[in-house]
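# Fold and geometry: a report
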Amino acid sequence: MRRIACPERDDWREEAGRAGFAFHTIGGEPYWDETAYYGFTLDQIERDIEAPTQELDRMCRELVARAVDDERLLRLLKIPEPFWTYIAASWKRGDTSLYGRLDLAYDGNGPAKLLEYNADTPTALYETGVFQWLWLEDAIARQIVPAGSDQFNSVHEKLIAAWQAVAQGRPVHLAGALDSPEDLGTLSYLEDTARQAGLATTLIAMDRIGRARNGDFVDEADRPIVLAFKLYPWEWMFREAFGRSLAGASTRWIEPPWKAILSSKGILPLLWQMFPRHPNLLPAYFEDDPEAARLGDSYARKPLYSREGANVALVVDGAVLDSDAGPYGAEGFVRQAVAALPRFDGGYPVLGSWVVDGTACGLSVREDASPITKNTSRFLPHVILP
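The rules we used
- Residues numbered from 1 in each chain as written.
- Predicted model: local features only at pLDDT ≥ 70, side-chain atom pairs only at ≥ 80, totals over all residues.
- Heavy atoms only, no water.
- Helix = DSSP H or I, 4+ residues; strand = E, 2+ residues; numbered from the N terminus.
- Rg over C-alpha atoms; globule rule 2.2 N^0.38 Å.
- Buried < 20%, exposed > 50% of the residue type's maximum accessible area, 1.4 Å probe, protein only.
- Contact = heavy atoms within 4.5 Å.
- Areas by Shrake-Rupley, 256 points an atom, 1.4 Å probe, with all protein chains shown as cover.
- Lys, Arg positive; Asp, Glu negative; His and termini not counted.
- Charge placed at Lys NZ, Arg CZ, Asp CG, Glu CD.
- Pairing = 2+ DSSP bridges.
- Right-handed = clockwise from strand over helix to strand, strands pointing away.
- Axes fitted to C-alpha atoms, helices over the stretch in contact; angles between N-to-C directions.
- Patch = residues over 30% accessible without salt bridge, like charges linked within 9 Å, V, L, I, M, F, W, Y side chains within 5 Å.
- Salt bridge = Lys/Arg side-chain N within 4 Å of Asp/Glu carboxyl O.
- Polar contact = N/O pair within 3.5 Å; in protein donor to acceptor, adjacent residues only side chain to side chain.
- Disulfide = S-S within 2.5 Å.
- Expected span 1.5 Å × (residues − 1).
- Arc of directions from axis to C-beta.
- UniProt positions renumbered as here; feature names shortened; annotations may be inferred.

The name an unreviewed UniProt entry assigns to the protein chain is Glutathionylspermidine synthase pre-ATP-grasp-like domain-containing protein, from the organism Rhodoplanes serenus.

What follows is the structure, given as structure tokens:
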């Protein structure tokens, strides 16, 4: 694994515009960064990233299978009790997951370590599945990267196939915050892949979803919403006024309700309990668990629910090395052993390993000047070097 400086294409912004990548710059600062790329060997990808991702996803599903029948685990995860039966029914009838992203710490040597699982509403999907692949093709043609370079990236093809399996021909509504450029970009990309799978699609703002007299959810034209992709976390869904109507409505959701279990960072200590000393896990404990003292004065403190690094703190030798503010933490915190992220040219990379329909199929790299990956962290392409 290497960070390799390279020239950026003079016309990459125009290329981004043509490709529909509207959020390549956020707040005047670059989000997409092609002044360097991360290079991997094929062995590193297959042995250290792809295989562990598949294993970690399997372990997470084993945890869900236990949790849906264990009130103690659901309470630890802070899942609201009125939704326990709804979540269990989703798991037991085999509701299909479309996608997820595991965030890993990896330096090219030794096993990758799970930092967290973005199981419900992960973004950075379009730039992973499309734009970094377009960059690779162009970079090979312009001799920016060696001839014969490749990428761990079949996200686009896997999404199209997954839609066919998940929807089985049913129309799909895609809902979220359409006033957010990043969310709109993600939803528009998923809509495109659903259409390529032969599905009829409707894009709708989350707050424009209505309810029919029979309790079913409908769109702005009063058409029933049979299948809905939501870029809106389950923990927020449960708190909404319509939350109490979820179980009685006929709408099926993507991600499915059982993904609410994996949305809680409480899975980190539970996985450590289930698979102690697993090479791809970091020791982790609930903060109020006396066993958390095993971590001593160095740990990552994470809210059970948070987004983009908000309210995360890195504590080393009792001092806060880095932290990020935010609105989260009311449900409690976990403590996880500090993963020593590699540092390349002043940047700390975190690998996002993508799972589509249960298959590990892609890689994204987010880089920040601090060890906590945030909403403003840059996205750099990656290459499997020949």
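## Looking at the overall build of the protein chain
When helices and strands are tallied, the protein chain shows ten helices and 21 strands. Over its C-alpha trace the protein chain gives a radius of gyration of 21 Å, about what one expects of a compact globule, namely 21 Å for 386 residues. Across its three principal axes, the protein chain shows a C-alpha extent of roughly 60 × 55 × 35 Å. Across the 386 residues that make up the protein chain, the buried fraction comes to 58%. In the protein chain, the share of contacts with a sequence separation of at least 24, taken over all contacts with a separation of at least 6, comes to 69%. Accessible surface, the protein chain as shown: approximately 15,900 Å² in total, 49% of it carbon and sulfur. Across the protein chain, the centroid of the 40 positively charged side chains sits 5 Å from that of the 56 negatively charged ones.

## Digging into the pairing of strand β11 (residues 227-230)
Because side chains alternate across β11, one face comprises the buried residues Leu227 and Phe229, and the other comprises Ala228 and Lys230, equally buried. Sheet topology places strand β7 (residues 172-176) next to β11; four bridges connect them, and they run parallel. Paired with Ala175 across the strands is Lys230, a residue of β11. Here β11 runs beside strand β12 (residues 252-254); their pairing, made up of three bridges, is parallel. If you follow Phe229 over to β12, its bridge partner there is Ile254. Chirality of the crossover, the property in question, places the unit of β11, helix α8 (residues 234-239) and β12 among those that are right-handed.

## Quick notes on the sheet that holds strand β8 (residues 201-205)
Taken in spatial order, the four strands line up as β8-β7-β11-β12 in an open sheet, and their pairing is parallel. The sheet is open, and its two borders are formed by β8 and β12, each paired with just one other strand. Strand-to-strand twist across the sheet, computed as the mean angle between neighbouring axes with direction ignored, equals 25°. Helix α7 (residues 181-196) rests against β7, β8 and β11 of the sheet, and its axis sits at about 165° to β8.

## A word on a nonpolar patch on the surface
On the surface, Val316, Leu321 and Val338 cluster together into a nonpolar patch covering about 230 Å² of accessible area. Relative to the helices and strands, Leu321 resides in strand β16 (residues 319-323).

## Thoughts on the side chain of Ser264
Locating Ser264 in the fold gives a position in the loop between α9 (259-263) and α10 (267-274). Here Gly266 takes part through its backbone nitrogen, which lies 3.0 Å from a polar atom of the side chain of Ser264. Not counting chain neighbours up to four residues away, the residues in contact with Ser264 comprise Leu77, Leu304 and Tyr305.

## Observations concerning the sheet that holds strand β14 (residues 299-303)
Across the sheet, five strands lie side by side as β13-β17-β14-β15-β16; this open sheet has antiparallel pairing. Whereas interior strands pair on both sides, the edge strands pair on one side only; in this sheet they are β13 (284-286) and β16. Each strand axis lies, on average, 25° off the axis of its neighbour in the sheet, ignoring direction. Where β14 and strand β17 (residues 333-336) come together, four bridges link them in antiparallel fashion. From the neighbouring strand, Ala300 faces β17, where its bridge partner is Gln336.

## What about the state of the cysteines?
For the structure on display, the rule yields zero disulfides. The thiol of Cys60 is unpaired, and the distance to the nearest cysteine sulfur, on Cys361, comes to 16 Å. On the basis of relative accessibility, which here comes to 1%, the residue Cys361 falls in the buried class.

## Things to note about helix α6 (residues 155-167)
The end-to-end C-alpha separation of α6 is 18 Å, in line with the 18 Å expected for 13 residues at 1.5 Å each. Those residues of α6 that sit buried are Val155, His156, Leu159, Ile160, Ala162, Trp163, Val166 and Ala167. Angular distribution of buried residues about the axis of α6 spans 165°; they occupy a single face of the element. Positive phi appears at Gln168, one or two residues downstream of α6, with a value of about 50°.

## Brief notes about the UniProt feature "domain: Glutathionylspermidine synthase pre-ATP-grasp-like" (unreviewed entry) in the protein chain
Sites flagged by UniProt as "domain: Glutathionylspermidine synthase pre-ATP-grasp-like" (unreviewed entry) map to residues 12-384. A helix fraction of 31% and a strand fraction of 24% characterise residues 12-384, whose end C-alpha atoms lie 21 Å from each other.

## Points about the environment of Gln151
When you line up the elements, Gln151 lands in the loop between α5 (125-141) and α6. What makes Gln151 buried here is its relative accessible area of 6%. For the pair Gln151 and Tyr37, spaced 114 residues apart in sequence, the C-alpha separation works out to 11 Å. In this structure, Gln151 is in contact with Gln132, Trp133, Trp135, Leu136, His382 and Ile384, ignoring residues within four places of it in sequence. Polar side-chain contacts of Gln151 include one of 3.0 Å to the backbone oxygen of Gln132. One polar contact links Gln151 to Asn153, side chain to side chain, over a distance of 2.9 Å.

## A short note on unusual backbone geometry
Negative phi values dominate among residues other than glycine, just as trans dominates among peptide bonds. A cis amide bond, omega 0°, links Ile254 with the succeeding residue Glu255. Summarising the element assignment, Glu255 is placed in the loop between β12 and α9. Its identity is not glycine, yet Ala124 carries a phi of approximately 70°, on the positive side. Along the polypeptide, Ala124 turns up in the loop between β6 (113-118) and α5. The phi dihedral of Asp222 falls on the positive side, at around 65°, and the residue is not glycine.

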